[in-house]
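Observations on the model geometry
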Amino acid sequence: MELDASQLAPHARLEGDVVVVGGGPAGIVLALELARADLHVILLESGRGSFSAETQRLGDTVGEDPPHASMSLTTRRQVGGASNLWAGRCVPFDPIDFVARQVTGHASWPVTYDELWPYFARACEWFQCGEALFDALDVPSLAERSLVPGWPGGDIGATGLERWSLPTNFRVQYHERLRAASHVTLVTGLTCTEIVCRTDGPGVSHAIGATLAGGRASIRARRYVIACGGLESTRLLFASNRVYPDGLGNHSGHLGRWYMAHVESHIARIHFATPAQETIYGYERDPDGVYVRRRFAFSPRYAVEHDLPNAALWLDNPELADASHRSGILSLLYLVLASPLGRRVVSEAIRRGQLKTTAPVSSRRHVENVVRHLPSTAGLALALGYRRFLQRGHKLPGYFVASATNTYRLVYHAEHLPNYDSHVVPTSEVDALGVPRLRTHLRFAEADIHNALRAHDHFDRYLRAHRLGGLAHLFGDHGTREAAIHDQLFGGYHQAGTTRMAARPEDGVLDANLAVHGIDDLHVASSSAFVTSSQANTTFMIVVFALRLAEHLGHVLRGPA
């Protein structure tokens, strides 16, 4: 059932078994999984089915933070949450992420990879991304070929897979299912502004919701789950300071700390000494028709031995905006994205990322590229348009151009090392509902830059030792490369760490079951709980944790099945 907050009576009271704050992927999965256990869920969503700029502005941050993207690009206050912006990449964390390592300051997770792995298959069902197989060697039709012929494996693997959903917009896929669920009450247009704790002992009394029209509601339940995104979940805990003046969950000063993104950069090209026609440079499809893409990664043993962060590397196109690539189809894609139509083709964050370049931009040269290769460009454009927008089932995530010289730009995507000084704090400025806005201080350390350079050096030595090719840096000397990486460091899309999990309350905000330490009836289902950020984006693992939490709450509230 769905209720618009405008339909609620003044000072309405709502009651259920579980209140879930936030209708993004984690909130939707929690609500529907708990409903299957015959628990009545009240799912609060600040937005509605359609986008509202006024509602979106509630989450704006204060001040300038150059490495941080605008919240309007990274979050969406709408049913489906950030999946309305998401491109569909599904990648799990790795076993090494849950091991205390020197490179991560011995950061310690209170859960293990083996505890989470059983939820991968169910997460893949929600994302509609096929089987939970993330290594090409586990897919017979893919195992027959190697990303690069003769790749020996060992210290650096080339068989890791990223999977791509339809892409699955949770609003499109699951909004009607929420409406039809008898045990779910989806309340849209209602923003949770405070979690009110009891004064007679640990625990939650009720949650308060408010509308932009001035309405208010009190919501009571047996359990409360905050699932409204990394920073917004953290902001709600800071704002819930009636009983705990420093913020709910800030018992040991970790709330808002350890803010992590990812270290992503282009600083080298990779040239393979193998036959160019045998390089698997783009997307493949598994037996279910799901698009997958191969990635390079250091083996866990090698990464620990050499104190390297968990990182993935993959092949990429030339800079789209740099017309010197002389590709008609890439120039056409650039012209489309640079036009007003571009905002309708991909999310604004992806559009801006694709248009970035350090080279002079010439629309005339792009047009010349298209005209020079007009017949082949037109044919490719029609084929790509069909596979991206009209093809039934899984859609093509993107397009990659084969290199005749077997040379490709290399993407480096690594964990952002935990850093106490990277943090967010509430300010005196409030939003339209009176909730204090956050100021972000996203900080990358010199170690993040240094490790990126070291990882490339190790990769280059591996290639040369096995006579597979080598790397050529895009920038000159070591200092220039450091500066280039620094200039590329940017985040806010994967908001991790600000309510970190820990086995002991003195080490974090949440326990192993995502409950605020000392308050067993309040949980946070968000990437803010992550202790390290892995090489993977956060979306897949958020749903993994949501599934685990749903099972836990089902046992607590209904007993074992």
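Preceding this paragraph is the structure being described.
The notes below deal with the structure included here. These figures come from a predicted structure and were not determined experimentally. (Residues numbered from 1 in each chain as written. Predicted model: local features only at pLDDT ≥ 70, side-chain atom pairs only at ≥ 80, totals over all residues. Heavy atoms only, no water.)

Let's talk about the overall build of the protein chain
- For the protein chain, the count of helices and strands is 17 helices and 21 strands.
- The C-alpha extent of the protein chain, read off along each of the three principal axes, is 70 × 50 × 50 Å.
- Within the span of the protein chain, comprising 561 residues, buried residues form 57% of the whole.
- Pairs at least 24 apart in sequence give 76% of the contacts found in the protein chain among residues at least 6 apart.
- Surface accessibility of the protein chain: about 22900 Å² in total, with carbon and sulfur atoms responsible for 52%.
- The centroid of the 54 positive side-chain charges in the protein chain is displaced by 6 Å from the centroid of its 56 negative side-chain charges. (Helix = DSSP H or I, 4+ residues; strand = E, 2+ residues; numbered from the N terminus. Buried < 20%, exposed > 50% of the residue type's maximum accessible area, 1.4 Å probe, protein only. Contact = heavy atoms within 4.5 Å. Areas by Shrake-Rupley, 256 points an atom, 1.4 Å probe, with all protein chains shown as cover. Lys, Arg positive; Asp, Glu negative; His and termini not counted. Charge placed at Lys NZ, Arg CZ, Asp CG, Glu CD.)

Points about the sheet that holds strand β10 (residues 216-220)
- In space, the four strands of this open sheet follow the order β2-β10-β9-β8, with mixed pairing throughout. In this open sheet, the two edge strands, each paired with only one partner strand, are β2 (12-15) and β8 (191-197). Averaged over all adjacent pairs, the angle separating strand axes in this sheet is 25°, with direction ignored.
- Here four bridges tie β2 to β10, and the two strands are oriented parallel to one another. Considered in β10, the bridge of Ala12 is made with Ala217. (Pairing = 2+ DSSP bridges. Axes fitted to C-alpha atoms, helices over the stretch in contact; angles between N-to-C directions.)

Observations concerning the packing of aromatic side chains
- Counting across every chain of the model gives 28 aromatic pairs.
- Considering the side-chain rings of Trp109 and Phe545, the 6.1 Å spacing of their centres and the 15° angle between planes classify their relative orientation as stacked. In this pair, Trp109 is assigned in the loop between β5 (89-90) and α4 (113-116) and Phe545 in helix α17 (residues 539-558), connecting sequence segments 436 residues apart.
- Looking at Phe545, the relative accessible area reads 4%, which means it is buried. (Phe/Tyr/Trp six-rings, centres within 6.5 Å; stacked < 30°, edge-to-face > 60°.)

Some thoughts on the sheet that holds strand β1 (residues 2-4)
- Taken in spatial order, the seven strands line up as β1-β7-β4-β3-β11-β21-β20 in an open sheet, and their pairing is mixed. Pairing within the sheet leaves two strands with one partner each, and these edge strands are β1 and β20 (515-516).
- Here three bridges tie strand β11 (residues 223-226) to strand β21 (residues 519-524), and the two strands are oriented parallel to one another. Counted as the bridge partner of Ile226 is Val524 from β21.
- The strands touched by α17 within the sheet are β3 (18-21), β11 and β21, with β11 carrying the most contacts at an inclination of about 170°.

Observations concerning the packing of helix α5 (residues 120-127) against α17
- Where α5 meets α17, the closest approach of the two axes is 9 Å, and the angle between their N-to-C directions is 115°. The two elements α5 and α17 cross, and the hand of that crossing is right-handed. Across the interface between the two elements, Phe120, Arg122, Ala123, Cys124, Trp126 and Phe127 from α5 touch Thr539, Phe540, Met541, Val543, Val544 and Leu547 from α17.
- Grouping the constituent residues of the contact of α5 with α17 by class yields 10 nonpolar, one polar and one charged. (Left-handed = near helix turned anticlockwise from the far one by under 90°. Nonpolar A, V, L, I, M, F, W, Y, C, P; charged D, E, K, R; others polar.)

Observations regarding helix α12 (residues 348-355)
- For α12, the set of buried residues is Glu348, Ala349 and Arg351. Each buried residue of α12 sits inside an arc of 160° when the element is viewed along its axis, so together they form one side.
- Taken together, the buried residues of α12 touch α3 (71-74), α10 (328-338) and α11 (342-345). (Arc of directions from axis to C-beta.)

Some remarks on unusual backbone geometry
- Leu166 connects to Pro167 through a cis peptide bond whose omega is 5°.
- For Pro167, the position within the fold is in the loop between β6 (156-164) and α7 (170-180).
- At Gln128, a residue that is not glycine, the phi angle is positive and equals roughly 55°.
- Within the element layout of this structure, Gln128 appears in the loop between α5 and α6 (140-143).
- Residue classification places Gln128 among the partly exposed positions, given a relative accessible area of 26%.
- Non-glycine residue Trp258 carries a positive phi angle of around 60°.
- In this fold, Trp258 is placed in the loop between α8 (230-239) and β12 (262-272).

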